[in-house]
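Chain residues, written in single-letter form:
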Amino acid sequence: MSKTMTPDEILAIDSVFEKEDLEWAGIVRKWLDENVREKIGDWYLEGTIPARELAEQLGELGVLGMHLEGYGCGGATATQYGLACRELEAIDSGLRSLVSVQGSLAMFAIHNWGSEEQKEEWLPQMAAGKKLGCFGLTEPDVGSDPAGMKTRATKDGSDWILNGAKMWITNSPVSDVCVVWAKTEEEDEKGRPVVRGFVVPTDTPGVEVPEVKRKLSLRASITGEIVLDNVRLPESAMLPKAKGLKGPLSCLSEARYGIVFGVTGAARDSILSALEYTGTRIQFNRPLSSFQITQQKLAKAFGQYSSITLLAAHLGKLKDTVGVRPEQISLGKMVNVDTAMNIARDLRATFGGSGITSEYSPLRHAINLETVLTYEGTHEVHQLTLGRAMTGINAFANYEG
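Note that the coordinates shown come from a computational prediction; the quantities given were computed from them, not determined experimentally.

**Some words on the overall build of the chain**
Secondary structure assignment for the chain yields 12 helices and nine strands. A globule of 401 residues ought to have a C-alpha radius of gyration of about 21 Å, and the chain, at 22 Å, matches this closely. Its C-alpha atoms give the chain principal-axis dimensions of roughly 80 × 50 × 40 Å. Classification of the 401 residues of the chain by burial places 53% in the buried group. Accessible area of the chain: about 17,900 Å², with a carbon and sulfur share of 52%. Between the averaged position of the 42 positive side-chain charges in the chain and that of its 52 negative side-chain charges there is a distance of 5 Å.

**Focus on the side chain of Ser-172**
By the secondary structure assignment, Ser-172 is in the loop between strand E3 (159-170) and strand E4 (177-187). Here Ser-172 is in contact with Cys-134, Val-209, Pro-210, Gly-224, Glu-225 and Ile-226, once residues within four sequence places are set aside.

**Digging into the pattern of salt bridges**
Per the stated rule, a full pass over the model turns up 23 salt bridges. For Lys-130, the salt bridge goes to Glu-56, with nearest N and O atoms at 3.3 Å. Residue Lys-130 is located in the loop between helix H7 (116-127) and strand E1 (133-136), and its partner Glu-56 is located in helix H4 (residues 51-61); the two are separated by 74 residues in the primary sequence. A residue is classified by how much of its surface remains accessible, and Glu-56, at 35% relative accessible area, is partly exposed.

**Comments concerning the packing of helix H8 (residues 246-280) against helix H10 (residues 326-348)**
Interhelical geometry of H8 versus H10 gives an angle of 20° and a closest axis separation of 8 Å. Classed by the angle they form, the pair H8 and H10 counts as roughly parallel. The handedness of the crossing between H8 and H10 comes out as left-handed. Between H8 and H10, the contacting residues are Ser-253, Arg-256, Tyr-257, Ile-259, Val-260, Val-263, Thr-264, Ala-267, Ser-270, Ile-271 and Ala-274 on the first element and Pro-326, Ile-329, Gly-332, Lys-333, Asn-336, Val-337, Ala-340, Ile-343, Ala-344 and Leu-347 on the second. A per-class count over the contact of H8 with H10 returns 14 nonpolar, five polar and two charged.

**Remarks on helix H6 (residues 93-113)**
A maximum bend of about 40° is found in H6 at Met-107. With respect to burial, H6 is a largely interior element, 20 of its 21 residues being buried. A distance of 2.8 Å separates the backbone nitrogen of Gly-94 from a side-chain oxygen at the start of H6, and that oxygen is part of Asp-92.

**Description of the pairing of strand E2 (residues 152-156)**
Pairing between E2 and E3: five bridges, direction antiparallel. Looking at the pairing, Asp-156 lines up with Asp-159 of E3. Connecting the antiparallel pair E2 and E3 is a turn made up of two residues, with Gly-157 showing a positive phi of about 70°.

**Things to note about the side chain of Ser-270**
As for its placement among the helices and strands, Ser-270 is situated in helix H8. Overall, the relative accessible area of 0% leaves Ser-270 in the buried class. Within the structure, Ser-270 has its side chain in polar contact with the backbone oxygen of Ala-266 (distance 2.9 Å). Apart from residues no more than four positions distant in its own chain, Ser-270 is found in contact with Ile-343, Ala-344, Leu-347, Pro-362 and His-365.

**Here we look at the nonpolar core**
In terms of nonpolar packing, the biggest core is built from 45 residues, with Leu-32, Val-36, Leu-54, Leu-58, Val-63 and Leu-95 touching the most fellow members. Elements represented by at least two residues in this core include exactly helix H2 (19-35), helix H3 (37-46), H4, helix H5 (78-91), H6, H8 and helix H9 (292-320). Here this core gets seven residues from one element, more than from any other, and that element is H5. Excluding residues that lie within four positions of it along the chain, Val-36 makes contacts with Trp-31, Trp-43, Leu-54, Ile-91 and Leu-95. Judged by nonpolar contacts, the second largest core, of 27 residues, contains Met-126, Met-149, Val-179 and Leu-239.

**Quick notes on the UniProt feature "domain: Acyl-CoA dehydrogenase/oxidase N-terminal" (unreviewed entry) in the chain**
On the UniProt side, "domain: Acyl-CoA dehydrogenase/oxidase N-terminal" (unreviewed entry) is annotated at positions that read residues 23-130 here. Taken end to end, residues 23-130 comprises 75% helix and 0% strand; its first and last C-alpha atoms sit 26 Å apart.

**Details of the environment of Gly-316**
Position of Gly-316 among the secondary structure elements: in helix H9. With 236 residues separating them in the primary sequence, Gly-316 and Gln-80 have C-alpha atoms 8.6 Å apart. With residues up to four places along the chain from it excluded, the contact list for Gly-316 reads Ala-78, Thr-79, Tyr-257 and Phe-261.

**Points about the UniProt feature "domain: Acyl-CoA oxidase/dehydrogenase middle" (unreviewed entry) in the chain**
UniProt annotation of "domain: Acyl-CoA oxidase/dehydrogenase middle" (unreviewed entry) refers to residues 134-231 when read in the numbering used here. End C-alpha to end C-alpha, residues 134-231 measures 17 Å, and it is 0% helix and 52% strand.

**Re the pairing of E1**
What you see with E1 is no split at all: Gly-133 and Phe-135 on one side and Cys-134 and Gly-136 on the other are buried throughout. The sheet contact formed by E1 and E4 spans four bridges and is parallel. In the sheet register, Gly-133 faces E4, and the bridge partner there is Val-177.

Conventions used here
- Residues numbered from 1 in each chain as written.
- Predicted model: local features only at pLDDT ≥ 70, side-chain atom pairs only at ≥ 80, totals over all residues.
- Heavy atoms only, no water.
- Helix = DSSP H or I, 4+ residues; strand = E, 2+ residues; numbered from the N terminus.
- Rg over C-alpha atoms; globule rule 2.2 N^0.38 Å.
- Buried < 20%, exposed > 50% of the residue type's maximum accessible area, 1.4 Å probe, protein only.
- Areas by Shrake-Rupley, 256 points an atom, 1.4 Å probe, with all protein chains shown as cover.
- Lys, Arg positive; Asp, Glu negative; His and termini not counted.
- Charge placed at Lys NZ, Arg CZ, Asp CG, Glu CD.
- Contact = heavy atoms within 4.5 Å.
- Salt bridge = Lys/Arg side-chain N within 4 Å of Asp/Glu carboxyl O.
- Axes fitted to C-alpha atoms, helices over the stretch in contact; angles between N-to-C directions.
- Parallel < 35°, antiparallel > 145°, perpendicular 65-115°, else oblique.
- Left-handed = near helix turned anticlockwise from the far one by under 90°.
- Nonpolar A, V, L, I, M, F, W, Y, C, P; charged D, E, K, R; others polar.
- Bend = angle between axes of the 7 residues up to and from the residue.
- Polar contact = N/O pair within 3.5 Å; in protein donor to acceptor, adjacent residues only side chain to side chain.
- Pairing = 2+ DSSP bridges.
- Core = buried A, V, L, I, M, F, W, Y, C linked by side-chain atoms within 4.5 Å.
- UniProt positions renumbered as here; feature names shortened; annotations may be inferred.

So, in structure tokens, the structure goes:
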């Protein structure tokens, strides 16, 4: 029998990334294997995750806001951050979501759009995992069209009063601070309310963060709401540099980049799990991996995995050099999430009946990726974003921006 090779060995992944990038990825992978991998299946079944405990450990590891500069953040390259997301999602999408929401949404919003005082107050504690953050944009009736948000911020003297509700907010029930986006009484040049961002401590009177229960997907993740009932905030709570939807949309683009890399980890883990299982499972006096149909499934999955890994690596290189554009991120999320989900679905079948248990990861990955396909911009939104870039025609209905 010939020597077996992992997908990364066949792809010669070592030649795609820099040595120090791979060394960093190896550190993250080793820590996760030693501290999280054996527990994640139970957390998934229980519908929870020890977010605060993990946050402090992940802060010590150095992955929270690792791609941001200063204020206790690591200042890592975009590629290094992407590879960390890849290792996190190889364990579970919920784990990568915890890190992504903390670093690429809440911390990025404060880092990119906040005041010096806001940065100094929150970022060092968030980088260390001592404080958890969340990001409030989506609402119960407003998802893909953030311009339709109903949350309002009105001035009362020098204070702001916030009213409204946000939905499907990762980390909110365990958060110390929420970055909330709301319409104000200020109008833009077209007479539309200007959207502003606010740093809202969750212990502020009028703030509630109830948990969303009974999820079928992304169960090893804490999801909730942000309910704002006459929440009074000082003027200093507003993110001074963010005016309009450019602020929250830039944060979403940052988070989507982590997803592009992250889902390659879920795909890789599904392939490695299937290789191990089919290599040891004996049927008709021979391992399942010796059958042509099994090898066909594995080869197809490897081909798909190779494509999404190289796409992620290319976008990482762009982000680290000339910069990456929103439509390029949309391409990565659209292709990589859908492809990774199909890899996990197809390989689940190689496990037979065992594939529906929590002992093996592909079905859990596939179910999680159903959520990843939807959040940070649905599959359809990214298709239309690319369609606009290719044709020059905006297909978003009733869009005036």
